[in-house]
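Chain residues, written in single-letter form:
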Amino acid sequence: MDELTQKFFETLLKSQFMPPVEMVPYQHGLIERLVRHARAQVPFYRDSGRLDVLLRRDGTIDWDRWDEVPLLTRREAQDNAEALYAETVPPECGDVITGYTAGSTGTPLHFRTNRMMAAAGSATVERALIWAGMPAQLTLAVLRNDRKGEAAYPNGIVYQSTIRGTRRLMHHLSLQTPVEDQARWLARIRPDVVMNYPGALAVLAQNLPDDLATHRFKLAICVGEVTTEQDRAIIEKAFRCPVLDLYSGSEFGTVAAQDCRDGRLYITEETMLVEFKEPDGFAVADRDLHELIFTPFYNYAMPLIRYATGDFAVVDSGQPADGRSLRRLTRVAGRERNVFMMPSGRRWWPNFQNKVLCDYLDYRQIQFAQTAQDKIEIRYVSDRSEPIADEPGLLAYLRAATPEPMDIAMVRKATIATRASGKYEYSVREIAPKS
């Protein structure tokens, strides 16, 4: 796979400057091949005929009708996973890889990918390392959700790869390892780059041993969940290095990678079509959010065409100054499960400002939870005996920042639980939306 990753990487360094007038037909060529494969080899598409709308009578693709292809929701993918598996995969796509990921309801999605998609994803990460000014010779430490128990403490597991003509070691450790042992592992291998979920990485940052006080980390990569302002500040301070956000999903691959120089996330246009859907029913303050629709080009083992996961992001309408033509995201907000439902039925993304909260509350970790249609719990962890400096002022700010009147309760916790995968959610809706 290293040779294939290298080829993708070399192509990406050139294609990032491709103007839209060339990028669109480039994408169409990749989508057409995927569509024809799906109609012939994937029961879900072949039996439903949902892609037939694209074909003219002469067999050519009518791109003007792309919007008529039904969206594939995450729930549909969960319910039809086996029917989405291709009966055959082109040999050039490489080995098929199986896995599963939990959905917003906790129901797992069993998925398949192939080596070509993995190579494309690795190449997009490598391009992001170039943007961050990272040299080819690096040692990476990756903390991952280890369902099979392959990367147990104390040694974890080590992979070797070659990229940019240089051999690289990647050390993996189970995220289920106690944080004190994670810190000891880092102190032993002393990597250049560390990669983890941002919430878990922030906790690790607060437990780094003195042995790492003189070690120079070059970069911290956050994956798998939204990086909050607070977590970013904690990670940057403890690891003394920049933080890079990598937006991706297990079943659909890399969506966007952040350029640390301008803070924007650049969409991987060459490996995935990303569509922006105008959301309905949001509060006025969140009208700049868009739901994202994905079509990864290289997953022939389980094609996901116009895949709607419930992810929302803010789109940047500006253009980078260096000539890159890739579209950009200002921030990724999260998934549908992170959206609150106001008493009126409108949706609202909790956007309390950490900088303002810190004026009133001394906290180490915080989470906003909607526990009833008209109630929000502010859960926080603090090392102070009296962490709230001005409770009336804090509640006044929170009520003013909430678009509709709601009961707001401050709840102190010893810890804030993560999901089974190790992910930590800044905001979570614990009620079902109104019908």
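Residues numbered from 1 in each chain as written. Predicted model: local features only at pLDDT ≥ 70, side-chain atom pairs only at ≥ 80, totals over all residues. Heavy atoms only, no water.

A.B. asks: I keep staring at the sheet that holds strand 21 (residues 427-429) and nothing clicks. Help me out?
C.D. replies: By definition, the strands of a sheet pair up through backbone hydrogen bonds, in either a parallel or an antiparallel sense. Spatially, four strands are ordered 20-19-18-21 in an open sheet, and the strand pairing comes out mixed. In this open sheet, the two edge strands, each paired with only one partner strand, are strand 20 (407-412) and strand 21. On average, each strand axis in the sheet is inclined to that of its neighbour by 20°, with strand direction left out of account. Bridge count for strand 19 (residues 375-381) against strand 20 is six bridges, and the pairing is parallel. By the bridge assignment, Tyr-380 is partnered in strand 20 with Arg-412. Across the face of the sheet, helix 10 (residues 391-401) comes into contact with strand 19 and strand 20 while running at roughly 130° to strand 20. (Pairing = 2+ DSSP bridges. Helix = DSSP H or I, 4+ residues; strand = E, 2+ residues; numbered from the N terminus. Axes fitted to C-alpha atoms, helices over the stretch in contact; angles between N-to-C directions. Contact = heavy atoms within 4.5 Å.)

A.B. asks: For this particular structure, what's the right way to read the packing of helix 7 (residues 198-205) against helix 8 (residues 229-239)?
C.D. replies: In helix packing, the relevant descriptors are the interaxial angle and the interaxial distance, both defined with respect to the helix axes. Closest axis-to-axis distance for the helix 7/helix 8 pair is 9 Å, and the angle between their directions is 40°. By the angle between their directions, the pair helix 7 and helix 8 is classed as oblique. Between helix 7 and helix 8 the crossing geometry is left-handed. Here Pro-198, Gly-199, Leu-201, Ala-202, Leu-204 and Ala-205 of helix 7 lie close against helix 8, whose contacting residues are Asp-231, Ile-234, Ile-235, Ala-238 and Phe-239. (Parallel < 35°, antiparallel > 145°, perpendicular 65-115°, else oblique. Left-handed = near helix turned anticlockwise from the far one by under 90°.)

A.B. asks: How should I be thinking about empty space enclosed by the protein in this particular structure?
C.D. replies: A probe matching the size of a water molecule, rolled over the atoms, marks out where space remains unfilled. Using the criterion set out here, one finds one cavity of 30 Å³ or more in the structure. Of the pockets and cavities examined, the largest cavity occupies roughly 60 Å³. Lining the largest cavity, in full, are Gly-199, Ala-202, Val-203, Gln-206, Gln-230, Asp-231, Ile-234, Arg-364 and Gln-365. Looking at the lining of the largest cavity, the elements that each hand over two or more residues are helix 7 and helix 8. Taken together, the residues that form the lining of the largest cavity break down as three nonpolar, four polar and two charged. (1 Å grid on protein atoms, 1.4 Å probe; cavity = no way out; pocket = protein on both sides within 12 Å on 5 of 7 lines; lining within 4 Å. Points joined across faces, edges and corners; volume = space filled by probe spheres on them. Nonpolar A, V, L, I, M, F, W, Y, C, P; charged D, E, K, R; others polar.)

A.B. asks: Explain the environment of Tyr-426 to me, please; I cannot follow it from the model alone.
C.D. replies: Looking at the secondary structure, you find Tyr-426 in the loop between strand 20 and strand 21. On the basis of relative accessible area, Tyr-426 is assigned to the buried category, the value being 16%. Once the C-alpha coordinates of Tyr-426 and Gly-94 are considered, the two residues, 332 residues apart in sequence, prove to be 38 Å apart. When sequence neighbours within four positions are dropped, the list of residues in contact with Tyr-426 reads Thr-228, Phe-352, Asn-354, Ile-366, Gln-367 and Phe-368. (Buried < 20%, exposed > 50% of the residue type's maximum accessible area, 1.4 Å probe, protein only.)

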